[in-house]
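Residue-level listing of the chains:
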Amino acid sequence: MIDIDPASRPDPIAYLDHVASTDVGRGYKRQVLDLLALRPGHTVLDLGCGPGTDLAAMADAVTSTGRVIGLDRDPAMVAEAGARLAGRPQVEVRPGDVHELPVADRSIDRARTDRVLQHVDDPARVLAEFRRVARPGARIVMAEPDWEGMLIDSPCPDVGRTLARFISTEMVRHGTLGRSLARLCEEAGLAVRSVVTVAPVFRDLATADHVLGLRRNLVRAVGAGYLEPGAEEWFDDLRSRPFLASALLFLVTAEAA
Ligand SMILES: C[S@@+](CC[C@H](N)C(=O)[O-])C[C@H]1O[C@@H](n2cnc3c(N)ncnc32)[C@H](O)[C@@H]1O
């Protein structure tokens, strides 16, 4: 993995809020909520809840008789999520690591990850933890990308291909996790109920750049020797023609026995 100058990273909370506010973000997050099939009274875990982006929607679905637990290892995310959800008594935001869930055995009805397992040390360990805390029949829904599925229309498609490979191998710990999730669930003893892909299309360069980090990762790819100096001109060229990019997200639903 490449060591990144923190100054070149976007503000993480602003980034997550922006993604959630786009048509793409709203669309797949709605799908994840539908797949979760939350009911009043459920206890649901949001693993890697970030700034609490989806906790209110989950609280609405489980009603005041249910419980929503948001978990994140980043204290800034926990503080932000706690502040945003302060008026919701059925929501609790806890600091913690998804590899060791601070939750009792067989106490959870539903769990969710949204672009989290791609970053953790050991996704298989997280699935084993879900199995430990799951009540019989409990469901987990995971939305995780496969960065090699990022496509960009350009007269020089090799640059886009190399950029996708750079992001998937150097920038994201498990950059091709999406395609492996169903297998990992089965290896963890979970029953896979559905695997659905979402391939959003971006016709607007600014939105694609913000969500996918095109320009900043291009600069890093040049710095890491993946692309020749001057490849930044490829990005500038994208501005001069009709734009199209796509990305690939896997939504996997699995259940405990
Ligand atoms: C891409 S963000 C997604 C946040 C949120 N799920 C959303 O959709 O807005 C990934 C989040 O996972 C958290 N995270 C990464 N590894 C973690 C771990 N091992 N334990 C707990 N949280 C973790 C990060 O701190 C970050 O808030």
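First things first, this report covers the structure right here in the doc. Quantities reported herein were computed from a predicted structural model and do not represent experimental measurements.

### Some words on the sheet that holds strand β9 (residues 245-246)
Remark on secondary structure: sheet strands pair via backbone hydrogen bonds, oriented parallel or antiparallel. The antiparallel open sheet is built from three strands, whose spatial order is β6-β9-β8. Among the strands making up the open sheet, the edge pair consists of β6 (151-152) and β8 (201-202). With two bridges connecting them, β6 and β9 associate as antiparallel partners. Each bridged residue has a counterpart across the sheet, and for Ile-152 the counterpart in β9 is Ala-245.

### Looking at the environment of Leu-55
Along the polypeptide, Leu-55 turns up in helix α3 (residues 55-62). Measuring from C-alpha to C-alpha, the distance between Leu-55 and Glu-92 comes to 9.4 Å, with 37 residues separating the pair along the chain. Residues in contact with Leu-55, not counting those within four places in the same chain, are Asp-46, Cys-49, Val-68, Gly-70, Ala-81, Leu-85, Val-91 and Val-93.

### Some thoughts on the sheet that holds strand β1 (residues 43-47)
Sheet architecture is open: seven strands sit in the order β3-β2-β1-β4-β5-β10-β7, paired in mixed fashion. The two strands at the open ends of the sheet, each matched to only one other strand, are β3 (91-95) and β7 (191-198). Across the sheet, the axes of successive neighbouring strands diverge by a mean angle of 15°, strand direction being ignored. Set on the sheet, helix α4 (residues 75-84) makes contact with β2 (67-72) and β3; between it and β3 the angle comes to about 165°.

### Re the site of the ligand
Taken together, the neighbourhood of the ligand is formed by 20 residues, with Lys-29, Gly-48, Thr-53, Asp-72 and Arg-115 sitting nearest. At 3.2 Å from a nitrogen atom of the ligand is found a main-chain nitrogen or oxygen belonging to Arg-73. At 3.0 Å from a nitrogen atom of the ligand is found a main-chain nitrogen or oxygen belonging to Val-98. Starting from 590 Å² of accessible surface for the ligand in isolation, the protein chains cover 93%. Grouping the constituent residues of the shell around the ligand by class yields six nonpolar, five polar and nine charged.

Reading guide: rules and limits
- Residues numbered from 1 in each chain as written.
- Predicted model: local features only at pLDDT ≥ 70, side-chain atom pairs only at ≥ 80, totals over all residues.
- Heavy atoms only, no water.
- Pairing = 2+ DSSP bridges.
- Helix = DSSP H or I, 4+ residues; strand = E, 2+ residues; numbered from the N terminus.
- Contact = heavy atoms within 4.5 Å.
- Axes fitted to C-alpha atoms, helices over the stretch in contact; angles between N-to-C directions.
- Near = heavy atom within 4 Å.
- Polar contact = N/O pair within 3.5 Å; in protein donor to acceptor, adjacent residues only side chain to side chain.
- Areas by Shrake-Rupley, 256 points an atom, 1.4 Å probe, with all protein chains shown as cover.
- Nonpolar A, V, L, I, M, F, W, Y, C, P; charged D, E, K, R; others polar.

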